[in-house]
Amino acid sequence: QPPTMLNELAITDRDAIALGAAMYAAAFLCGALSLLLRKPYSHALTFTLLCGGCLLQTLGLNLRGAQIRACPLGNIFEITQFICWSLVLLYFIIGPAFRLRLLGFFTAGLAATLSGASLAVRQWDAAYPAGIFGGNPWVELHAALAMLSYAIFAVVALVSTMFLLQQHGLKKKQFKGVYQYLPSVQQLDLMAKRLLITGLSILSAALVFGVILWRQSPELVPSFKLAATVLVWAGYLLVVILRLQKKLVTRRHALTSIALFLFALASL
């Protein structure tokens, strides 16, 4: 059961998640206003708002997990929120390590969009029977790893977007506003490559667990879900191979990464 203090506050899992989404939106809007008005971009404010949003979303997911007594990955709403939560956590690791100041801004925008959209479509939060994972922790591990890889692919899509923006700025010889906070195209291209390989490795591990579990207990891993995951994995594997062979680079690689992430989301 949820803690007594939370019961007294009458806060629900959706309330906490909605507040988290609002903080993500605030982080994005504050950043957008400062960039549009040509004022100094406050990385500290964005980071603080993202921290607050992540804490609230973590609370909401914990409350949902306590209700269903499992990892909250049973419907589209929960899957979207889990990807969004993983995306923000990845930013806290990747952003400071690579000193990508605007990554927080783009992360906030995508997190607000994903979280807000899943909250707006009530049908995505459809009820499902208890014990959806059959009490098997390996099934939950498979699902969690797959969603983590999708979050990494989301970061790849964001980095690719930053690459396209910076490339556009260089062509137009624009170095102010949003362009002055973007890293070099070389750094963004290299980062996208490394993240792509990392995401593919994690998705491969999730797929191995999924295939093993599907062969042992087909009822726990629906065939169409496994097929969709295999299709996404094959797409990213092809992109990595072409990238390593230098047949898919720079702009084409960035556009492909964005398109493939959108396809991965649609496959859910």
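Remember, it's a predicted structure, so these values are computed and weren't measured experimentally.

**Brief notes about the overall build of the chain**
Point 1. Helix and strand content of the chain: nine helices and zero strands.
Point 2. Shown N-terminal to C-terminal, the secondary structure of the chain runs as helices and strands in the order α-α-α-α-α-α-α-α-α.
Point 3. Taking 2.2 N^0.38 as the reference for a compact globule, 268 residues should give roughly 18 Å; the C-alpha atoms of the chain span a radius of gyration of 19 Å, in line with that estimate.
Point 4. Along the three orthogonal principal directions, the C-alpha set of the chain runs to about 55 × 50 × 30 Å.
Point 5. Residue burial in the chain is summarised as follows: out of 268 residues, 47% are buried.
Point 6. Look at the contacts in the chain between residues 6 or more apart in sequence, and 80% of them connect residues 24 or more apart.
Point 7. Counting only carbon and sulfur atoms, one obtains 67% of the accessible surface of the chain, whose full area is about 13,400 Å².
Point 8. Taken together, the 21 basic and 8 acidic charged side chains of the chain have centroids lying 25 Å from each other.

**Observations regarding unusual backbone geometry**
Point 1. We note that Arg38 has phi near 60°; this positive angle belongs to a residue other than glycine.
Point 2. Positionally, Arg38 belongs in the loop between helix H2 (13–36) and helix H3 (43–68).
Point 3. Of note, Lys246 is a non-glycine position whose phi angle comes to about 60°, a positive value.
Point 4. Counting through the fold element by element, Lys246 comes out in the loop between helix H8 (223–244) and helix H9 (250–267).

**Considerations on the packing of aromatic side chains**
Point 1. Scanning the model with the defined rule gives 10 aromatic pairs in all.
Point 2. Ring centres of Tyr150 and Phe153 lie 6.5 Å apart, and the angle between their planes is 45°; on these two criteria the pair is classed as tilted. Placement of the pair is Tyr150 and Phe153 together in helix H6 (residues 137–172), with a separation of three residues, close to one helical turn.
Point 3. Assessed through its relative accessible area of 0%, Phe153 is described here as buried.

**Points about the pattern of salt bridges**
Point 1. All told, the structure shown has five salt bridges when counted by the stated rule.
Point 2. The partner of Asp125 in a salt bridge is Arg64, and the shortest N-O contact between them spans 3.0 Å. On the criterion of sequence distance, the pair formed by Asp125 in the loop between helix H5 (103–120) and H6 and Arg64 in helix H3 is long-range, its members being 61 residues apart.
Point 3. Of the residues examined, Arg64 reaches a relative accessible area of 8% and is grouped as buried.
Point 4. Linked through salt bridges whose partners overlap, the residues forming this network are Asp13, Arg14, Arg64, Glu78 and Asp125.

**A look at the packing of H2 against H3**
Point 1. Put simply, H2 and H3 touch, their axes get as near as 7 Å, and they point 165° apart. Compared by their axis directions, H2 and H3 come out roughly antiparallel. Pair H2 / H3 crosses with left-handed handedness.
Point 2. Here the contact of H2 with H3 is composed, by residue class, of 16 nonpolar, seven polar and three charged.

**Remarks on the nonpolar core**
Point 1. Counting residues in hydrophobic clusters, the biggest one holds 68 residues, and the most contacted among them are Tyr24, Leu102, Leu103, Leu195 and Tyr236.
Point 2. Secondary-structure elements contributing two or more residues to this core are H2, H3, helix H4 (76–98), H5, H6, helix H7 (185–216), H8 and H9.
Point 3. Residue contributions to this core peak at 17 residues, all from H6.
Point 4. Leave out the neighbours within four places in its chain, and Leu102 touches Leu35, Tyr41, Met162, Val178, Tyr181 and Leu182.
Point 5. By size, the runner-up hydrophobic cluster in this structure holds five residues, among which are Ala21, Leu61, Phe77 and Leu119.

**Observations concerning the packing of H8 against H9**
Point 1. Between H8 and H9, the least distance of the axes is 10 Å, while the angle of their chain directions is 170°. Considered as vectors, H8 and H9 are oriented roughly antiparallel to each other. Contact with H8, carried on its side by Ala228, Leu231, Val232, Gly235, Tyr236, Val239 and Arg243, involves His253, Thr256, Ser257, Leu260, Phe261, Phe263, Ala264 and Ser267 of H9 and no other residues of that element.
Point 2. Counted by class, the contact of H8 with H9 contains nine nonpolar, five polar and one charged residues.

**Here's the deal with the side chain of His142**
Point 1. Within the secondary structure, His142 is located in helix H6.
Point 2. For His142, a relative accessible area of 11% puts it in the buried group.
Point 3. Discounting residues that sit within four places of it in the chain, His142 has contacts with Ala206, Leu207, Phe209, Gly210 and Leu213.

**Considerations on the side chain of Ser34**
Point 1. Positionally, Ser34 belongs in helix H2.
Point 2. Ignoring any residue separated from it by four or fewer positions in sequence, one finds Ser34 in contact with Lys39, Pro40 and Tyr41.

**With respect to the confidence of the model for the chain**
Point 1. This prediction gives the chain a mean pLDDT of 87; 92% of its residues lie at or above 70.
Point 2. No element of the chain has a lower mean pLDDT than helix H1 (residues 4–9), at 52, and none a higher one than H5, at 95.

The rules we used
Residues numbered from 1 in each chain as written. Predicted model: local features only at pLDDT ≥ 70, side-chain atom pairs only at ≥ 80, totals over all residues. Heavy atoms only, no water. Helix = DSSP H or I, 4+ residues; strand = E, 2+ residues; numbered from the N terminus. Rg over C-alpha atoms; globule rule 2.2 N^0.38 Å. Buried < 20%, exposed > 50% of the residue type's maximum accessible area, 1.4 Å probe, protein only. Contact = heavy atoms within 4.5 Å. Areas by Shrake-Rupley, 256 points an atom, 1.4 Å probe, with all protein chains shown as cover. Lys, Arg positive; Asp, Glu negative; His and termini not counted. Charge placed at Lys NZ, Arg CZ, Asp CG, Glu CD. Phe/Tyr/Trp six-rings, centres within 6.5 Å; stacked < 30°, edge-to-face > 60°. Salt bridge = Lys/Arg side-chain N within 4 Å of Asp/Glu carboxyl O. Axes fitted to C-alpha atoms, helices over the stretch in contact; angles between N-to-C directions. Parallel < 35°, antiparallel > 145°, perpendicular 65-115°, else oblique. Left-handed = near helix turned anticlockwise from the far one by under 90°. Nonpolar A, V, L, I, M, F, W, Y, C, P; charged D, E, K, R; others polar. Core = buried A, V, L, I, M, F, W, Y, C linked by side-chain atoms within 4.5 Å. pLDDT = per-residue confidence, 0-100.

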